[in-house]
2 protein chains.
Amino acid sequence: MTLAAVDLPRAYRLLNHGPVTLVSSAHAGRRNLMAAAWTMPLDFDPPKVAVVVDRSTFTRELIAASGSFVLNVPCRAQAATVLAVGSCSGRDPECRGDKFAHFGLATRPAAQVEAPLLAGCVGWLECRVLPEAHNELRYDLFLAEVVAAWADPAVFADGRWHFERAPDDRRTLHYVAGGAFYTTGEGLEIGGAE
Amino acid sequence: MTLAAVDLPRAYRLLNHGPVTLVSSAHAGRRNLMAAAWTMPLDFDPPKVAVVVDRSTFTRELIAASGSFVLNVPCRAQAATVLAVGSCSGRDPECRGDKFAHFGLATRPAAQVEAPLLAGCVGWLECRVLPEAHNELRYDLFLAEVVAAWADPAVFADGRWHFERAPDDRRTLHYVAGGAFYTTGEGLEIGGAE
């Protein structure tokens, strides 16, 4: 698992193109992983993000207890994992209370938060929840500051994605519904921008 | 300009894969268009969305005055337009106070809101702002309910995108930074989902 630090003011670029994410969370020896397509950057510097975490989820309980989480950015090679962890609750006996163990998913510790980084991803944002209880209670909406960010340097370097340099199974994923994904496609550079 | 109504509980699927959007707004005879990559679904039914609109923008003024906006989902054929309208303020004399006129962009009226629908796009979400002043003031974050939704039936039908049926220039776009986009790529169907 190779990762390189991403400068915090450029961390938004890990999410700017709208990839699906996996939210990892942990508290007091328990941990979980859920799929989240409803996430976006909220600010550049310090970087902030917004993510929807349903009140029924085990992840919600762990985020509330720890005040933090990690947004993992998975790649095409992990599409079946994204769907699997998104289809099974961490409270479900089938997942034995630990989806990482149930699905055989490797991790490494994060630098700033309790939640682990999922191995095999291409980007990671370590996040601390901003206290905005009204949004959480009314909309299941969490706002958070990104306190550390990492990427696989084979596909993200110098603040940019470089999917064309790596095998297609390292491209990021965009989720639609019901098991349907798109991969991140062809790059376009439009002239005239600064 | 061909469009078909999208059932409101499926309107989130126009945004779920994370495409860049163009926000149109209008009030009292003035109108504007800006690029927004920081947008996401917030709820299914009634559908809600979240979008970041900077306080410095003319769009912000029009949204505040009208309480509504449209999220237009542009396609690859419009990438230069996305960049152009994102690089020029509606307050700038260069854009003559009307980016639609300045860039020669055709529109048609929306059904429920003052803001127009941008011709040539592949999806449209007509949105009414939910009154959440704290989020607007502190984070430039707007939450809104989707009150009508439309799509080009050549690429979105039966609640799903079907980019493979149409020319590649009708694929949606994902924005990175500085003129760099990705198109929505290859579709993947992972088995085992309901």
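None of the values given here were measured: they were computed from a predicted structure. (Residues numbered from 1 in each chain as written. Chains lettered and ligands numbered in written order. Predicted model: local features only at pLDDT ≥ 70, side-chain atom pairs only at ≥ 80, totals over all residues. Heavy atoms only, no water.)

Across residues other than glycine, the phi torsion is negative in most instances, and most of the peptide bonds are trans. The omega angle of the peptide bond from A:Asp45 to A:Pro46 is -5°, so this bond is cis rather than trans. Within the secondary structure, A:Pro46 is located in the loop between β4 (39-44) and β5 (47-52). Even without being a glycine, B:Asp140 presents a positive backbone phi close to 60°. Relative to the assigned elements, B:Asp140 resides in the loop between α4 (133-139) and β10 (141-151). Even without glycine at this site, B:Asp158 takes up a positive phi of about 55°. Here B:Asp158 lies in the loop between β11 (156-157) and β12 (160-161). On the accessibility criterion, B:Asp158 (66% relative accessible area) is exposed. (Helix = DSSP H or I, 4+ residues; strand = E, 2+ residues; numbered from the N terminus. Buried < 20%, exposed > 50% of the residue type's maximum accessible area, 1.4 Å probe, protein only.)

Next up on the list: the relation of the copies chain A and chain B. For the pair of chain copies, the relating transformation is a rotation about an axis with a translation along it. By a simple turn and slide, chain A fits onto chain B: the slide is 0.0 Å along the axis, the RMSD is 0.0 Å, and the turn is 180°. When the rotation and shift are considered jointly, the pair of chain copies conforms to a two-fold rotation axis. When the interface residues of chain A are mapped onto chain B, 100% of them again lie at the interface, so the same face is used by both copies. (Least-squares fit on C-alpha atoms with pLDDT ≥ 70 in both. Contact = heavy atoms within 4.5 Å.)

Another point: the interface of chain A and chain B. Each partner contributes residues to the interface: chain A has 55 residues there, and chain B has 55 residues. Surface buried jointly by chain A and chain B totals about 4,600 Å² across both partners, of which 61% is contributed by carbon and sulfur atoms. Together, A:Trp38, A:Tyr182 and A:Leu188 form the three largest contributors to the area buried by chain A at its contact with chain B, with a combined 18%. There are two salt bridges connecting chain A and chain B. Note that B:Glu186 is salt-bridged to A:Arg76, the shortest N-O span being 2.8 Å. Among the elements of the structure, β4, β5, α2 (79-86), α4 (133-139), β10 (141-151), β12 (160-161), β13 (173-177) and β14 (180-189) of chain A are those that each provide at least two residues to the side of chain A that touches chain B. With 10 residues, β14(A) is the largest single contributor of residues to the side of chain A that touches chain B. Its residues assigned to classes, the side of chain A that touches chain B comprises 29 nonpolar, 15 polar and 11 charged. Judged from the seven bridges that link them, β14(A) and strand β14 (residues 180-189) of chain B form a sheet pairing that is antiparallel. Following the sheet pairing, A:Phe181 is matched in β14(B) by B:Leu188. (Buried area = accessible area lost by both parts, 1.4 Å probe. Salt bridge = Lys/Arg side-chain N within 4 Å of Asp/Glu carboxyl O. Nonpolar A, V, L, I, M, F, W, Y, C, P; charged D, E, K, R; others polar. Pairing = 2+ DSSP bridges.)

Let us now look at the side chain of B:Gln78. All names here are of chain B. Turning to its location among the elements, Gln78 is positioned in the loop between β6 (68-73) and α2 (79-86). Within the structure, Gln78 has its side chain in polar contact with the backbone oxygen of Ala119 (distance 3.2 Å). When residues no more than four places from it in sequence are discounted, the contact partners of Gln78 are Leu118, Ala119, Gly120 and Cys121. (Polar contact = N/O pair within 3.5 Å; in protein donor to acceptor, adjacent residues only side chain to side chain.)

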